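Report on the structure
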Amino acid sequence: MNPADRPYPARPSHPPRADHWQLRTRSLPFGPLPAVMGILNVTPDSFSDGGRYLEAAAAVDRGLAMAAAGATILDVGGESTRPYAEPVDVDEELRRVIPVVAALCEQAAVPVSIDTSKPRVAREALRAGAEIVNDVTAARDPAMVAAALDFSAAVCVMHMQGEPRTMQVNPEYGDVVGEVAAFLAQRSQALQAAGVAAGRIAVDPGIGFGKRLEHNLALLRAAGRLHELGHPVIVGHSRKRFIGEVLGRPEADRTAGTVGVALALARRGVQVLRVHDVAEVCQAFTLFEAAGGLELEEEGR
Ligand code: HH2
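In this text the structure is predicted, and so the values were computed from the model without any measurement. (Residues numbered from 1 in each chain as written. Predicted model: local features only at pLDDT ≥ 70, side-chain atom pairs only at ≥ 80, totals over all residues. Heavy atoms only, no water.)

**Looking at the site of the ligand**
Cut-off, in case you're wondering: Nearness here has a simple test: a residue counts as near a molecule or strand if at least one of its heavy atoms is within 4 Å of that partner. Pairs of N or O atoms are called polar contacts if they sit within 3.5 Å, as long as, within protein, a hydrogen donor faces a hydrogen acceptor (for residues adjacent in sequence, only side-chain-to-side-chain pairs). The Shrake-Rupley method, run with a 1.4 Å probe sphere, supplies the accessible areas, and residue values consider only the shown protein chains as cover.
As a structural note, the neighbourhood of the ligand is formed by 17 residues, with S46, S80, T81, D204 and K240 the closest of them. Between the ligand and D115, the relevant distance is 3.0 Å, taken from a nitrogen atom to a side-chain nitrogen or oxygen of the residue. At 3.1 Å, a backbone N or O of G236 approaches an oxygen atom of the ligand. Taking 480 Å² as the accessible area of the ligand by itself, protein coverage stands at 98%.

Here you go:
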């Protein structure tokens, strides 16, 4: 069933939310449950799946498997953004991601996103057929905006305090939700002023990017407030350290925690979740909806 045929239950306490995302060549409609963006890290050192999909063929197989399991976007990245990660030069990043993006654009029915902060990598991925630029530096480099504009790409802008190497040293906020929302609003306005259509922009609070446990939890609880910005909201909480901090579990054992947060975000109408465990999250969503999980508030309980 087309997700748009199953409307998201209107809740008076929530602001209206974007019901689709205009990608480069197609529109992604949102239903009552979040769309799932499958993470594909073609890196030796990503914090969770590093080294598993370094061979292009293995990466493509993984991407196709995630699409079969219910992912409606595949997010391909060639540089880890974890704290203290070693930077990757542009040629190496291109070598890692472009064959994978090209193959997935040809073989997968779902749109491909390129997770990069390098304009040249974004440009080559778009040339290979990618639909979305997912830039953890919020497209602050004008060359990134130019690349997106040249291909009419969709853009995900994410909040980060500091930069990957040092962002976890001592993150401080007065009002984390207000500051993150204000930053995303300002980036959205800047992109629109540069010519990016409002409907192509999505916003992401950047879980774990210059945030301590209390900051991450505050942002997850307030994720519904980001709908006020008028863009689809993307959250990438999957297997991140805050889950380990709450549960006392290593990276390899955070799937259940990831699913729990995914259900909370589904209740808040978040449109896109970026996850590693696509099958588990999609199965949990199916049962969550079947068991009435989205309707609790309407019944007044
Ligand atoms: N998180 C990571 C990378 N890219 N993009 C968006 N929009 N939102 C996120 O939260 C986000 C992101 C980090 O996670 P991962 O890709 O699993 O690890 P690594 O950066 O080590 O490759």
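Next comes the rest of the description.
**Focus on the side chain of S113**
Under the convention used in this document: Secondary structure counts use DSSP, requiring at least four H or I residues in a row for a helix and at least two E residues in a row for a strand, with both numbered from the N terminus. Two residues qualify as a contact provided that any one of their heavy atoms is within 4.5 Å of a heavy atom in the partner residue.
With respect to the helices and strands, S113 occurs in strand β5 (residues 112-115). Residues within four places of S113 in sequence aside, it is in contact with M37, I73, L74, D75, V76, I132 and N134.

**Concerning unusual backbone geometry**
To be explicit about the condition: A 1.4 Å probe rolled over the protein chains alone gives each residue an accessible area, and that area as a share of the maximum for its type sets the label: buried under 20%, exposed over 50%, partly exposed in between.
Phi is positive for S152, which is not a glycine, with a value near 50 degrees. Along the chain, S152 turns up in the loop between α4 (142-150) and β7 (154-158). In this structure S152 comes out as partly exposed when scored by relative accessible area, which is 36%. Unlike most non-glycine residues, R239 shows phi in positive territory, near 55 degrees. Overall, the relative accessible area of 12% leaves R239 in the buried class.

**As for the pattern of salt bridges**
Rule in force here: Any Lys or Arg side-chain nitrogen located within 4 Å of an Asp or Glu carboxyl oxygen qualifies as a salt bridge.
Counted according to the given criterion, the structure contains 16 salt bridges. Between R120 and D91 there is a salt bridge; the shortest N-O distance is 3.8 Å. Here D91 lies in helix α2 (residues 90-107) and R120 lies in helix α3 (residues 119-127), a separation of 29 residues in the sequence. With a relative accessible area of 45%, R120 lands in the partly exposed category. Taking the shortest distance from any N to any O, the salt bridge between E92 and R96 comes out at 2.9 Å. Placement of the pair is E92 and R96 together in helix α2, with a separation of four residues, close to one helical turn. For R96, a relative accessible area of 11% corresponds to the buried category. Sharing partners across several salt bridges, the network here consists of D75, D115 and R274.

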